[in-house]
Structures are given as structure tokens and as C-alpha cells.
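Working through the structure, step by step
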Amino acid sequence: MLLNMKQLLEVAQKHQFAVGAFNVADSNFLRVVVEEAESNNSPAIIAVHPTELDFVKDDFFSYVLTRIKNSHVPFVLHLDHGGNMADIMRAIHAGFSSVMIDGSLLSLEENIQLTKQIVEVSHSLGVSVEGELGTIGNTGTSVEGGVSEVIYTRPEDAQEFVEKTGVDTLAIAIGTCHGIYPKDMEPKLRMDILKEIKETVDIPLVLHGGSANPDEEIAEAVQIGIQKVNISSDYKYAFYKKCREILAETELWDPNAIYPACIDAAKEIVKYKMNLFQSIGKAEIYREENVTAWRREWL
């Protein structure tokens, strides 16, 4: 079942759970996310960064869309951190049901102008839009980047941004970073900022850089009002840790001999995160509320 992000997260917001957005860079990771979502009857978001889109190429998504449209659980195919209109249009042309435009390094006025433009184009095609305010930190261990100093989202800016852009979901900065935190780096999320923003805007909120943060902080953020949590490094790390173990101990070279154990290792992390986000079993809610009626005719 393919939905856009607005459709997916409105249900999550109503029933107070979050949905994991897992960055997918090849068919192995697609299998991890889709099969674990189906196994746990959980909604899930397949997120693809522009660098990942460059790697797998547009034609890959014909396979992705066939797989998730025929699934009994709801999925969103989402462009993560699109940087410009060209990124957005490439994703929409490839069949993505949701896009993110990241104008977080622009001034507030420029970010509003860019995001509003993307919203107008995307909404006309039934595609939802995620915007971002504030900046995500960088641990130095992720291709997704980030900045050396986090700029926290100001609640008053969030209110103005949502009102002027018509964006469907909003990624906020409350202290997370992309990647795996080094041992000397202690993450600390600003729940006070999250609470203020939650009181100010009524659209679903997004937490980027969700990997390697303390479980209790993520659980609290979901309880307060985060509806989407981005996960990339955590489950990719598990996949390649197992892959390194296999290659260090054997002379195997066939993918079908090497990757199954790696897929299983990554699935363990995905299930753990789904449980943390309280999304396990929630696919049933979408069927009960007849979300399938929301799907566009061309889907």
C-alpha cells in the first residue's frame, strides 16, 4: 500500500506513535525494511537521499514501487534532504509519494520562499512535502552531512514557516546529529523546545538523526509528539558489521551466501526501532480507517 507522508503521519499523530524512515541504498536494504515491516504489521517509510538516488538510479524504483504497492502494510517512498527543484522533480518523476526540501541553511525568508514553491508544485501532483527548520549536527560518520554546531528550531519561526508554506510535515532541530556518535560525544535532546513547538504547530513533526540516540530520549520525543524518526546509520552499521565478520572468516564471494546473515542483522535493528516508536501492529489501523481510499488514481 503506497501512501504519501501526510496520509501516513496524520494517522500516527491521531494514535500517538511514530513511523521509522529508513534510508535505503540498494535492494538488500529495501528487503530489510519491507520484509520487517510486513513481519511486524508496521507502517514504514522508505527514505532515499539524493546521493543514494544517484547510486541506485531511477529505474530501480520501478521495482520498489511494484513491491510496496502490492504490500498489505502502508509505505511511503520519500526523498530525504532534497536540495533544489531538480532533486524534487527527479524524485516525483521516479514515482516518489513524498519529498523533503532542505532549506535549513538558508535564511528564514529564503527557506519559506523555496519550500512554498516546492509545496505548490508537489501538491498539484498529490505528493506531500517535508520542510526543515534549524540544523542537524554532524558526527563525521554519515554521508548525509550536517553542521558542526546545531541551530535549534525556534517555535515562533516554526509557526510562521508552517503558515506561510503550507508544508505537510516539519523536521525540527532539537539536538540530534547524522551518523553514529563518537564515544566522546554525548547526545542530549532539548525536550523543552519540542514541547513548545508541539504547542505552536499542529502538523506532524519529524526527528532527523535518530540513530544512536538514547532510547529513553527517543521514546520521550515520540510521547511528546514526534511522528517520524529518521534511521540510517544504526541499521546499516549492523548490516556491514556482519558483512565484515563473514568476509574476514571465509572465502565466500556469492552475494546469496554473504548477504542473508547481514540482512537478518539489520532486521533486528529495524524491529527494535519499530518497537521503540510503537508502530508495531499499527498497520491494522490504516486498514480499519480505509486509508486505501486516499490513494490517487494513478497509484
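Residues numbered from 1 in each chain as written. Predicted model: local features only at pLDDT ≥ 70, side-chain atom pairs only at ≥ 80, totals over all residues. Heavy atoms only, no water.

1. So, helix H1 (residues 5-15)
Since there are 3.6 residues in each turn of an α-helix, residues three or four apart along the chain are aligned in direction. Those residues of H1 that sit buried are Met5, Gln7, Leu8, Leu9, Val11 and Ala12. Between the side-chain oxygen at the start of H1 and the backbone nitrogen of Lys6 there is a gap of 3.2 Å, and the oxygen is on Asn4. Of the residues trailing H1, Gln16 is marked for its positive phi of about 60°. (Buried < 20%, exposed > 50% of the residue type's maximum accessible area, 1.4 Å probe, protein only. Helix = DSSP H or I, 4+ residues; strand = E, 2+ residues; numbered from the N terminus. Polar contact = N/O pair within 3.5 Å; in protein donor to acceptor, adjacent residues only side chain to side chain.)

2. Quick notes on the UniProt feature "binding site: Zn(2+) 1" (unreviewed entry) in the chain
Mapped onto the present numbering, the UniProt feature "binding site: Zn(2+) 1" (unreviewed entry) falls on His81, His178 and His208. By the element assignment, His81 lies in strand S3 (residues 75-82). Looking at the secondary structure, you find His208 in the loop between strand S9 (205-207) and helix H9 (215-224). The buried category is assigned to His208, whose relative accessible area is 0%. In this structure the side chain of His208 is engaged in a polar contact, spanning 3.0 Å, whose partner is the side chain of His81. (UniProt positions renumbered as here; feature names shortened; annotations may be inferred.)

3. Thoughts on the pairing of strand S7 (residues 169-172)
Here S7 shows two buried faces, one formed by Thr169 and Ala171 and the other by Leu170 and Ile172. Bridge count for strand S5 (residues 128-133) against S7 is 4 bridges, and the pairing is parallel. Paired with Glu132 across the strands is Ala171, a residue of S7. Two strands pair when backbone bridges link them, and S7 and S9 are joined in this way by 3 bridges, in the parallel orientation. Paired with Leu170 across the bridge in S9 is Leu205. (Pairing = 2+ DSSP bridges.)

4. Comments concerning the sheet that holds strand S2 (residues 44-48)
What links the strands of a sheet is backbone hydrogen bonding, and the strands pair in either a parallel or an antiparallel sense. Strand order in the closed barrel made by the 8 strands is S1-S2-S3-S4-S5-S7-S9-S10, with parallel pairing throughout. Within the sheet, the average angular offset between the axes of one strand and its neighbour, ignoring direction, is 25°. Summarising the sheet, S3 and strand S4 (residues 98-101) pair through 3 bridges and their orientation is parallel. For Leu79, the partnering residue across the bridge sits in S4 and is Val99. (Axes fitted to C-alpha atoms, helices over the stretch in contact; angles between N-to-C directions.)

5. Considering the environment of Val201
Residue position: Val201 is located in the loop between helix H8 (191-200) and S9. Taking the relative accessible area as the measure of exposure, Val201 reaches 7% and is therefore buried. As a C-alpha pair, Val201 and Ala158 span 43 residues in sequence and 7.1 Å in three-dimensional space. Not counting residues up to four positions away in its chain, the partners in contact with Val201 are Ala158, Gln159 and Val162. (Contact = heavy atoms within 4.5 Å.)

6. So, the packing of helix H5 (residues 85-94) against helix H6 (residues 108-123)
Across the interface, H5 lies against H6 with an axial gap of 11 Å and an inter-helix angle of 20°. Here H5 lies roughly parallel to H6, going by the angle between them. Of the two possible hands of crossing, H5 and H6 adopt the one that is right-handed. Between H5, through Met85, Ile88, Met89 and Ile92, and H6, the contact on the second element is made entirely by Gln117, Ile118, Val121 and Ser122. In the contact of H5 with H6, the residues fall into 6 nonpolar, 2 polar and no charged. (Parallel < 35°, antiparallel > 145°, perpendicular 65-115°, else oblique. Left-handed = near helix turned anticlockwise from the far one by under 90°. Nonpolar A, V, L, I, M, F, W, Y, C, P; charged D, E, K, R; others polar.)

7. Quick look at the packing of aromatic side chains
Across all of its chains, the model carries 9 aromatic pairs by this definition. Note on Phe22 and Tyr235: the rings are 5.8 Å apart at their centroids and 70° apart in plane angle, and the pair reads as edge-to-face. You can see Phe22 sitting in strand S1 (residues 19-23) and its partner Tyr235 sitting in helix H10 (residues 233-249), a full 213 residues away along the chain. Take Phe22 and Tyr235: they sit in the same class, and that class is buried. (Phe/Tyr/Trp six-rings, centres within 6.5 Å; stacked < 30°, edge-to-face > 60°.)

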